[in-house]
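Results of the structural survey
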Amino acid sequence: MTKKLLFILMLGASLVSCSKKQDATESKIDELISKMTLTEKIGQMNQLTGEGASANMKDQIRAGVVGSILNEVDANTINELQRVAVEESRLGIPLIFARDVIHGFKTIFPIPLGQAATWNPELAEQGARIAAQEASSVGIRWTFAPMVDVSRDPRWGRIAESCGEDPYLTSVMGVAMVKGFQGDNLADSNSIAACAKHFAGYGASESGKDYNTTWIPETQLRDVYLPSFHAVADAGVATFMCSFNDINGIPSSGNKHLNKDILRNEWKWDGVLVSDWGSIDQMISHGVCANSEDAAIMAVDAGVDADMMGFVYIKNLEKLVKEGKVDEKLIDNAVRNILRLKFRLGLFENPYVKDTSKVAFYASGSLNAARQAAEESAVLLKNNNVLPISTKTVKSIAVVGPMSDAPADQLGTWVFDAEPSHSVTPLQAIRQDYGSKFNILAEKGLLYSRDTNSKGIARAVQVAEKADIVLFFAGEEAILSGEAHCRADISLPGAQTEMLRELKKTGKPVVTVLMTGRPNTISEEVEKSDAFIYAFQGGTMAGPALADLLFGNAVPSGKLPVTIPRMVGQVPVYYAHKMTGRPASNIVMINDIPVGAFQTSLGNTSYHLDAGDSPLFPFGYGLSYTTFSYSPVHLSATSMDQNGKIMAECKVTNTGKYDAREVIQLYIRDKVATLAQPVRELKGFKKIMLKAGESQTISFEINACELGFWHQDNTYSVEPGEFQVWISKDSQSGEPVSFYLK
Ligand code: GLC
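Residues numbered from 1 in each chain as written. Predicted model: local features only at pLDDT ≥ 70, side-chain atom pairs only at ≥ 80, totals over all residues. Heavy atoms only, no water.

**A word on the overall build of the chain**
In plain terms, the rule: A run of H or I in DSSP counts as a helix once it spans at least four residues, and a run of E counts as a strand once it spans at least two, with each numbered from the N terminus. Using C-alpha atoms as the atom set, the radius of gyration is obtained and then compared with a globule rule of 2.2 Å times the number of residues to the power 0.38. Type-normalised accessible area, obtained with a 1.4 Å probe on protein chains alone, sets the label of each residue: buried when under 20%, exposed when over 50%, and partly exposed for intermediate values. In what follows, residue pairs with any heavy atoms lying within 4.5 Å of each other are defined as contacts. All accessible areas in this document rest on Shrake-Rupley with a 1.4 Å probe, and a residue is counted as covered only by the protein chains that are shown. Asp and Glu are treated as the negative residues and Lys and Arg as the positive ones, with His and the ends of the chain left uncounted. Each charge is placed at NZ for Lys, CZ for Arg, CG for Asp and CD for Glu.
If you tally the helices and strands in the chain, you get 20 helices and 27 strands. Taking 742 residues into account, the globule formula puts the C-alpha radius of gyration at 27 Å, and the chain, at 27 Å, falls close to it. Overall size of the chain, expressed as C-alpha extent along the three principal axes, is 75 × 70 × 60 Å. Taken over 742 residues, the chain has a buried fraction of 58%. If you take every contact in the chain between residues at least 6 apart in sequence, the share linking residues at least 24 apart comes to 76%. For the chain, the computed accessible surface area is about 28400 Å², with 51% contributed by carbon and sulfur atoms. Side chains of the chain give 72 positive and 85 negative charges; the mean places of these two sets differ by 4 Å.

Here it is, written out as structure tokens:
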């Protein structure tokens, strides 16, 4: 029997056994639902936050009116509550315990925006796998991550939790995180259900203010905000979470088009859709529901399976079913999804944490992975040949700034279970790893990012004057980004910019390292720095990672997952913008306009008089200690039909003296279409290691079917015509070549 035939037979057998298992699970679900009272069914839809092993919680579990619990993280308490569910409730249906394990449980990885800056999905998957192992060791089997909201507004605090402005990069990183959290088999005790959130369009919140309204035309919703959700749905994400915002007036928790037409009927997704915290009840505040009963009706009709801490379902659904206002079939559908998840997690067979004494935290392999992620998340924006630091030219180093020794703030937002005592800060790492080679002088100057203490600045300046080089660690405290932490002014908080000005006056070379939760406006800071690293908040091992980069034991390879604006007035500013009918040309900046200039003398094209038309740094940008050259792009053909594919190739050479990683990016533009299309869109990327002097030819397969867009009649299709292709180092570089789609 040929190997191929054997493979086909084995594949067929596994598919058959898989479908048989699914059928068996569905039969078990049917049998269970047939035994459940209406109260018990609605109980499965009720998600509560933990309150320990209280009598009140145990009574509710025993009565069968709790389906899942979030924010309980003590293994013994979880086992005790689970024991009540399994042994003392009428049907013994196990609970699911959930937690926001966003970028680590104990071993903290860079914030998701930083992980996106690695452009390394394998690292993101590894980080999620480690988080799942640590969290599941205490009984957490459901995390509310990854957040796959695309965001193009750095004022929005939750951009920190996102993978940035691009649908393709967010899709790739989101799928990797789902695979990491869920592992190869969701029933494995160290796998946890992932959650695609916040569905949908949350990143488009008006003015970057959290929870705010969004206005998203259906074509933009489907082209920009839904692809990452569709990608993780196709990748098997076990759960989704509703977003707080309304889309064009309809809150997501009551949005039947979003949650049923698209998520269930178009995408054929069969997981659990959970509301966000109280988001069902908040439809009253939105003004689309008059009262709690209306909210219950709207949400259950829109397919929201579980009510997180809203108490809307548990208080109203039984009465509404009995009054004939809610069809019990809707309840059954929701309960079916919830029970399916519990079967998939293996909770009926293995409901308990087996070994509560087994501590799986901070394993050396986990810390090394976190260090690698922090290293690859750092983006080198500027280097006037001051990095890497060498003993040949430097003897003493001043380590200053509020983020130089900030163990809690370097972890970033959404780290409920982290322990800052385990953080290794830049100052600690520099002292322990490089203190024998250099004389390290330290003075934070400002104690935290919002500090304005000029006396502290003076102390830092005194230290700087004694050193050969100054390392200025600036940024944002963790509290200044994340949920509800939005800023209308995204400049550096406190007196950090003033501190840099004073440091600059010493005449010493200044290296600025920014540890932040968002794109900040840093034009002056970059101009006053001799080198600049954008490090986001890098997690537990941020310090050693940054030290290795600063001293050359590692080479920067991060690329921006978001655009860095020159000023907040440019926002929203992103690479995949439209050309417009008057693209910027002949730009005359505000201070160059002649006094008395006539109204039309400036050319009437699209730019800001005081900012121009370009960002400070574009999406995909990042320098290295080496340099790379890109050959012209070669296409395997100059035309293809609607079912065709073309290979695009480019030879990349490491033309410098450091072995280094490079992220090679594929962009495509549909030059003429019935709806104006972006000037370019990321369609692929590869991160490779090239030794000094080494070349590698990188090829990308371009499939015609991936070049379409959504039309106003709600169909997706590819249109014939000219397409341009770039293979480049960032979203503004490279020369395009064209092919034609027939
Ligand atoms: C919060 C967040 C959501 C989180 C949930 C549970 O309000 O919006 O992302 O998962 O509540 O903590």
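**A few points about the layout of surface pockets**
As a reminder, the rule being used: Using only the protein atoms, space was sampled on a 1 Å grid; points where a 1.4 Å probe fits but cannot get out form cavities, open sets with protein on both sides within 12 Å along at least five of seven lines form pockets, and lining residues are those with an atom within 4 Å of a point. Grid points are joined across faces, edges and corners, and a volume is the space filled by probe spheres set on the points. Charged residues are taken to be Asp, Glu, Lys and Arg, nonpolar residues to be Ala, Val, Leu, Ile, Met, Phe, Trp, Tyr, Cys and Pro, and polar residues to be all remaining types, Gly included.
Of the voids in this model, the largest pocket is the one considered here, and its volume is about 1000 Å³. Taken together, 36 residues form the lining of the largest pocket, with Arg222, Asp223, Val224, Pro227 and Glu681 sitting closest to its centre. When contributions to the lining of the largest pocket are tallied by element, the ones reaching two or more residues are α7 (167–182), α8 (218–225), α9 (227–234), β22 (681–690) and β24 (709–710). Its boundaries defined by the atoms lining it, the second largest pocket holds a volume of some 750 Å³. Taken together, 28 residues line the second largest pocket, and the ones lying closest to its centre are Tyr574, His577, Lys578, Asp613 and Val679. Of the residues contributing to the lining of the second largest pocket, the split by class is 13 nonpolar, 11 polar and 4 charged.

**Here's the deal with the site of the ligand**
What counts here: Summary of the distance rule: residues count as near a molecule or strand when at least one heavy atom falls within 4 Å of that molecule or strand. For the purposes of these results, a polar contact is taken to be a pair of N or O atoms within 3.5 Å, where, inside protein, one atom must be able to donate a hydrogen and its partner to accept one; residues adjacent in sequence count only when each atom of the pair is a side-chain atom.
Within the structure, the ligand sits among 13 residues, and Asp100, Arg158, Lys197, His198 and Asp276 are positioned closest to it. Note that an oxygen atom of the ligand is positioned 2.5 Å from one of the side-chain N or O atoms of Asp100. Asp276 is positioned such that a nitrogen or oxygen atom in its side chain is 2.6 Å from an oxygen atom of the ligand. Across the complex, the protein chains shield 94% of the 310 Å² of accessible surface that the ligand would expose by itself. For the shell around the ligand, a count of residues per class yields 7 nonpolar, 1 polar and 5 charged.

**Section: empty space enclosed by the protein**
Counting across every chain of the model gives 6 cavities of 30 Å³ or more. The calculated volume of the largest cavity comes to roughly 100 Å³. Along the walls of the largest cavity sit Glu40, Gln44, Ile61, Gly64, Val66, Ala85, Ser89, Arg90, Leu91, Gly92, Ile93 and Leu95, which together make up its complete lining. A per-class count over the lining of the largest cavity returns 6 nonpolar, 4 polar and 2 charged. Of the volumes computed, that of the second largest cavity is approximately 60 Å³. Lining of the second largest cavity is provided by Ile102, His103, Gly104, Phe109, Gln115, Ala124, Gly127, Ala128, Ala131, Met177 and Phe181. Of the residues assigned to the lining of the second largest cavity, the class counts are 7 nonpolar, 4 polar and no charged.

**Some details on a negative patch on the surface**
Note the cut-off: Patch membership is restricted to residues that have no salt bridge and whose relative accessible area is over 30%. Joining uses 9 Å for like charges and 5 Å for the nonpolar side chains Val, Leu, Ile, Met, Phe, Trp and Tyr. A pair is scored as a salt bridge if a Lys or Arg side-chain nitrogen falls within 4 Å of a carboxyl oxygen belonging to Asp or Glu.
A surface patch of like charges, here negative, comprises Glu122, Glu125, Asp184 and Asp188. Within the secondary structure, Glu125 sits in helix α6 (residues 121–136). Judged by its relative accessible area of 32%, Glu125 falls in the partly exposed class.

**What to know about the pattern of salt bridges**
Summed over all chains, the structure comprises 45 salt bridges. With a shortest N-O distance of 2.5 Å, Arg501 and Glu524 are connected by a salt bridge. Of this pair, Arg501 sits in helix α18 (residues 496–505) while Glu524 sits in helix α19 (residues 523–528), placing them 23 residues apart in sequence. Between Asp659 and Lys691 there is a salt bridge whose closest N-O contact spans 3.9 Å. Here Asp659 is found in the loop between β20 (645–654) and β21 (660–670), whereas its partner Lys691 is found in the loop between β22 and β23 (695–703), with 32 residues between them in sequence. By sharing partners, the salt bridges in this structure join Lys58, Asp59, Arg62, Glu80, Arg83, Glu87 and Glu88 into a single network.

**Focus on helix α3 (residues 55–62)**
Note the cut-off: Directions are taken from the helix axis to each C-beta atom, and the arc is the one they span.
Those residues of α3 that sit buried are Met57, Lys58 and Ile61. Taken down its axis, α3 places every buried residue within 100 degrees of arc, on the same side. Contact partners of the buried residues in α3: β1 (46–49), β2 (68–70) and α4 (75–88). Gly64 occupies a position one or two residues after α3 and carries a positive phi of about 75 degrees.

**Section: the packing of α8 against α9**
Selection criterion: All axes here are fitted lines through C-alpha atoms, helices being fitted over the stretch that makes contact, and every angle between N-to-C directions spans 0 to 180 degrees. We call two directions roughly parallel when the angle between them is under 35 degrees, roughly antiparallel when it is over 145, roughly perpendicular when it lies between 65 and 115, and oblique otherwise.
Contact geometry for α8 and α9: axes closest at 5 Å, N-to-C directions at 55 degrees. As the angle between them shows, α8 and α9 are arranged oblique. Taking contact as the criterion, the partners of Leu221, Arg222, Asp223, Val224 and Tyr225 in α8 are, on α9, Pro227, Ser228 and Phe229. For the contact of α8 with α9, the class distribution of residues is 5 nonpolar, 1 polar and 2 charged.

**Digging into the side chain of Asp730**
Along the chain, Asp730 falls in the loop between β26 (721–728) and β27 (737–741). For Asp730, which is buried and forms no salt bridge, the nearest opposite charge comes from Lys729, at a distance of 5.3 Å. A distance of 2.8 Å separates a polar side-chain atom of Asp730 from the backbone nitrogen of Gln732. Dropping the residues within four chain positions of it, Asp730 is found in contact with Pro618, Phe619, Gly620, Tyr621, Gln665, Tyr667 and Arg680.

**Focus: the packing of aromatic side chains**
Inclusion rule: Classification of ring pairs rests on two measures: the distance between centres of Phe, Tyr or Trp rings, Trp counted by its six-membered ring, which must be within 6.5 Å, and the angle between planes, read as stacked under 30 degrees, edge-to-face over 60 and tilted in between. Note on geometry: a ring has a charge over it if NZ (lysine) or CZ (arginine) is within 6 Å of the ring centre and within 35 degrees of the ring normal.
Counted by the stated rule, this structure contains 24 aromatic pairs. Connected via pairs of aromatic rings, a cluster forms that spans Trp119, Tyr168, Tyr575, Phe619, Tyr667 and Phe685. In this structure, Lys106 is placed above the aromatic ring of Phe361, and the distance from its NZ or CZ to the ring centre is 5.6 Å. Positioned above the aromatic ring of Tyr574, the side-chain terminus of Arg152 is 4.2 Å from the ring centre.

**Some details on unusual backbone geometry**
Put simply, Lys197 and His198 share a cis peptide bond, and its omega is -5 degrees. Summarising the element assignment, His198 is placed in strand β5 (residues 195–199). Cis rather than trans, the peptide bond between Phe199 and Ala200 has omega equal to 0 degrees. Within the element layout of this structure, Ala200 appears in the loop between β5 and α8. Despite not being glycine, Phe311 has its phi angle at roughly 60 degrees, a positive value. The topology assignment puts Phe311 in the loop between β10 (307–308) and α13 (312–322). With relative accessibility at 31%, the residue Phe311 sits in the partly exposed group. In this model, Phe536 sits at a positive phi of 45 degrees, which is unusual for a non-glycine residue.

**A look at the pairing of strand β14 (residues 469–475)**
The two faces of the sheet receive side chains in turn, since in a regular strand these alternate between them. Here is the rule: A pair of strands is considered paired only if DSSP assigns at least 2 bridges between the two. Assignment of crossover handedness uses the view with strands pointing away from the viewer, where a clockwise path from the first strand over the helix to the second indicates a right-handed crossover.
When you tally the buried positions in β14, you get 7 out of 7 residues, the bulk of the element. Covered by surrounding structure in β14 are Ile469, Leu471, Phe473 and Gly475 together with Val470, Phe472 and Ala474, the residues of both alternating faces. Bridge count between strand β12 (residues 396–400) and β14: 4 bridges; the pairing is parallel. By the bridge assignment, Val399 is partnered in β14 with Leu471. Bridge analysis of β14 against strand β15 (residues 510–515) gives 6 bridges, and the strand direction is parallel. In the strand pairing of β15, Leu471 is matched with Val511. For the handedness criterion, the β-α-β arrangement of β14, α18 and β15 is classed as right-handed.

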